[in-house]
Amino acid sequence: MNNDVLIPQIGIVTDIRTDTPDVKTFRVNAPKGGKCFEHMPGQCAMLSMPGVGEAMFSITSSPTNREFMEFSIKRCGGFTEWLHQIEVGQAVTIRGPYGHAFPVDTALKGRDLLFIAGGIGLAPLRSVIDYCLARRSDYGKIDIVYGSRSADDLVDIDEIRNVWMNAENVDVHLTIDRPQEGWEGHVGFVPAYVKELNFDTDKTALLCGPPIMIKFTLASLQEMGYDKTQVYTTMELRMKCGVGKCGRCNIGSKYVCKDGPVFRCDQLDELPNEY
Amino acid sequence: MSKMYKISKERLDELYAAVSAVKSLYLPVRSGENQSEFKKWSDQSDVCLDSLNTVKSAKELFFPQSENLISFKVSGKDIELVEDRDPSEPFVLFGVRACDAKSFSILDSVFLSDPVDTFYKSRRENGTVVTLACRAPEETCFCGTFGIDASDPAGGDVKTWLTDTELYWEAVSEKGEELTKLLTGILSEADADADTKAVDDLKKNTKEILARLPLADLKLDYFSGDRLNEKLNDVFYAPQWQELYKSCLGCGTCTFVCPTCQCYDIRDFDTGHGIKRFRCWDSCMYSDFTKMAHGNPRTSQLERFRQRFMHKLVYYPANNGGEYSCVGCGRCLAKCPVSMNIVKVIKAFGGEKA
Ligand code: SF4
Ligand code: SF4
Ligand code: FES
């Protein structure tokens, strides 16, 4: 990590992919090529444009990608508006990595994994999924449930169809909120779909998405017999420093930037309900 | 115990000048009636050692209200980083009361824990802290609640006591010894008997005043113990907050005067020649503190008010071996426009006299 944790380095946006009407994926390289720094799946980076804004984003690409980092970012005001209108070649500043990663090399190893993502919640999970696929033999069966508003809102559907769906011992279950012409897959909300799919409970679940979706999906999982210790999720709060000092993301005796963003759901019970 | 030195009160200007000749000297300077602030000494300074607490605490010498982190030059699609941190030079901080001296160790646990905040660290390393024992603690003081001894301040590099006629001086760290060496021509050795007695009398007198203060019996029992983490939700959801928060205006004054409040913001400023990125004090009492593009986890003043005191009395101690993030300096008692403060919170949770 950089000696001065608040001082960023320069990153160059080398590719921009329009995934959905409001999500773009930005590829970032160090000015001399390669990555700005190494990370683990689930960790975040602080991106900024001086004078415009600075914000924390989960790193979407897997650390097994040796060439670049990617960030799937939803347009939702402020700095993200600016990001959505830049062109390839634009410099940004970047610092990190921040936070705790998913326990890919410990608790998740050897397990059957159930990934559940809603909307932009796929961004942090994509890093884990690609990591696990790159080390396929380290993990058991992989199920991926991914839901979005419409078929047009599924982020990077090409990778999902061409890579994930063809990967060994991986099942992908897509769903959209409302029926849509040309969509032949499942229609319905993620929490209900998860219950319908009736997974066996000998899996570890990784759950990311809007707070309300997390809440109901966790309830579904518990009804199916999952214990909170089997479910990991990520939390999002406003951040400034990224290192547990500015006080911004403090919740209970934890700092989301430092102690999170990945939490096991039973750990969340110790925190006051302020998220 | 290292050697005690002294200098007569009349000659303090000589002491200030001698320190100033080698390092910048910051000490309490009168800024209004019964008001002082830590300022850099010059021979014009109206030094004020009799007012008890400076308006803002001494933390700003290590964690300034605003400081540059870096600058950027932006041209077209390019960004260039321009080193632009405020320089930090060796300095002496004189006249620090026991409560403020203790606050440094509380801030250290935040800024010096991994990953180290290098801005804070270089100021800490450059600073030599000369404490000044209290002679006349005030009604708003409750440092004793936190085990702080105002008559014999810990946490500095030199301890001093000021009687009607003399300033007594005792180095208590290597940095303190070094500073003392620089002042050999100015300080004289204290007398083993008479001077030791003068200091002991001062301590004794201060302790007597402390024992009679209205807040002397303020107890933190409710917030004590190593099971704070388990109790955390009980405190959080306690009915007391519903009443306590009501008068709070969310003005943030309490956080700005507080020696242990450490929240900060990072902002950019367009100078016309580039972008300066600086950090500045912020307050969890402000409504936009936790505001995000798509929501705010603390929408009410109750939640923000609760956050400040939960942090000081529960979260910080849960993470720091039971040590509180308050030193009982009383600034928030004196400065809050609606007389809401941490003492009222402690009392509402059963901290009153038995
Ligand atoms: S407690 Fe008092 S000083 Fe602090 S924010 Fe509220 S009104 Fe202002
Ligand atoms: S909370 Fe009040 S009494 Fe405690 S250290 Fe801060 S300003 Fe002083
Ligand atoms: S972002 Fe500063 S404490 Fe977490």
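Residue positions are counted from 1 within each chain, in the order its sequence is given. Here chains are named by letter from A upward and ligands by number from 1 upward, in the order in which they appear as written. Restriction of local features to residues with pLDDT of at least 70 applies here, the model being predicted, together with a cutoff of 80 or more for giving and counting side-chain atom pairs; totals for whole chains, interfaces and linings are based on all residues. The basis for every side-chain value is the complete set of heavy atoms in the structure, and neither hydrogens nor water enter the calculation.

Draft legend 1. Focus on the overall build of chain B. A tally of helices and strands in chain B yields 11 helices and 12 strands. C-alpha atoms define the radius of gyration in this analysis, and the globule rule sets the expected value at 2.2 Å times the number of residues to the power 0.38. Here chain B has a C-alpha radius of gyration of 22 Å; the compact-globule value for 354 residues is 20 Å, and the two agree. With the C-alpha coordinates aligned to their principal axes, the bounding extent of chain B is approximately 65 × 65 × 40 Å. Residues classed as buried in chain B amount to 55% of the 354 residues present. Throughout, a residue-residue contact means that at least one pair of heavy atoms, one from each residue, lies within 4.5 Å. Restricting the contact set of chain B to residue pairs at least 6 apart, pairs at least 24 apart contribute 70%. For every accessible area listed, the method is Shrake-Rupley and the probe measures 1.4 Å; residues are considered covered only by the protein chains on display. Put simply, chain B shows about 15700 Å² of open surface, and 49% of that area lies on carbon and sulfur atoms. Counted as positive: Lys and Arg. Counted as negative: Asp and Glu. His and the chain ends are not counted at all. Just so you know, the charge point we use is NZ for Lys, CZ for Arg, CG for Asp and CD for Glu. The positive charge centre, built from 46 side chains, and the negative charge centre, built from 53, are 4 Å apart in chain B. Here a helix means four or more residues in a row that DSSP labels H or I, a strand means two or more in a row labelled E, and each is numbered from the N terminus. Burial classes follow relative accessibility: with a 1.4 Å probe on protein chains only, a residue under 20% of its type's maximum area counts as buried, one over 50% as exposed, and anything between as partly exposed.

Draft legend 2. Focus on the domain arrangement of chain B. All names here are of chain B. What the domain assignment reports for chain B is domain 1 (4-212) and domain 2 (221-349). Using only C-alpha atoms to locate each centre, domain 1 and domain 2 end up separated by 25 Å. Listed by partner, the interface residues are 40 residues for domain 1 and 36 residues for domain 2. Across the interface of domain 1 and domain 2, roughly 3200 Å² is buried in total on both sides, 59% from carbon and sulfur atoms. By convention in these notes, a salt bridge is any Lys or Arg side-chain nitrogen within 4 Å of a carboxyl oxygen on Asp or Glu. Joining domain 1 to domain 2, the criterion identifies five salt bridges. In this structure, Arg331 and Asp100 form a salt bridge, with 2.8 Å as the shortest nitrogen-oxygen distance. Residues adjacent in sequence count toward polar contacts only when both atoms are side-chain atoms; beyond that, a polar contact is any pair of N or O atoms within 3.5 Å, and within protein one must be able to donate a hydrogen and the other to accept it. Applying the counting criterion to the domain 1 and domain 2 interface returns 21 residue pairs in polar contact (both at pLDDT 80 or more). Where the side of domain 1 that touches domain 2 is concerned, the elements lending two or more residues are β4 (66-75), α2 (98-111) and α3 (118-126). Annotation comment: domain bounds sourced from an automatic or database domain assignment. Buried area is understood as the total, over both parts, of accessible area removed when two parts are fitted together, assessed with a 1.4 Å probe.

Draft legend 3. Spotlight on the interface of chain A and chain B. On the side of chain B, 49 residues touch chain A, which itself brings 46 residues to the contact. Here chain A meets chain B over a buried area of about 3800 Å², counting both sides, of which 54% is carbon and sulfur. There are six salt bridges connecting chain A and chain B. If you look at where chain A meets chain B, you find 24 residue pairs in polar contact (both at pLDDT 80 or more). Ranked by residues supplied to the side of chain A that touches chain B, first place goes to strand β6 (residues 91-98) of chain A with four residues.

Draft legend 4. Main features of helix α4 (residues 190-197) of chain A. All names here are of chain A. Those residues of α4 not exposed but buried are Val190, Pro191, Tyr193 and Val194. One face of α4 carries all of its buried residues, which in axial projection span an arc of 165 degrees. Tucked inside the fold, the buried residues of α4 contact β7 (112-118), β8 (142-148), β9 (170-176), β10 (186-187) and α5 (211-224). The positive-phi residue at the C-terminal boundary of α4 is Asn198, with phi of around 45 degrees. Directions from the helix axis toward the C-beta atoms define the arc.

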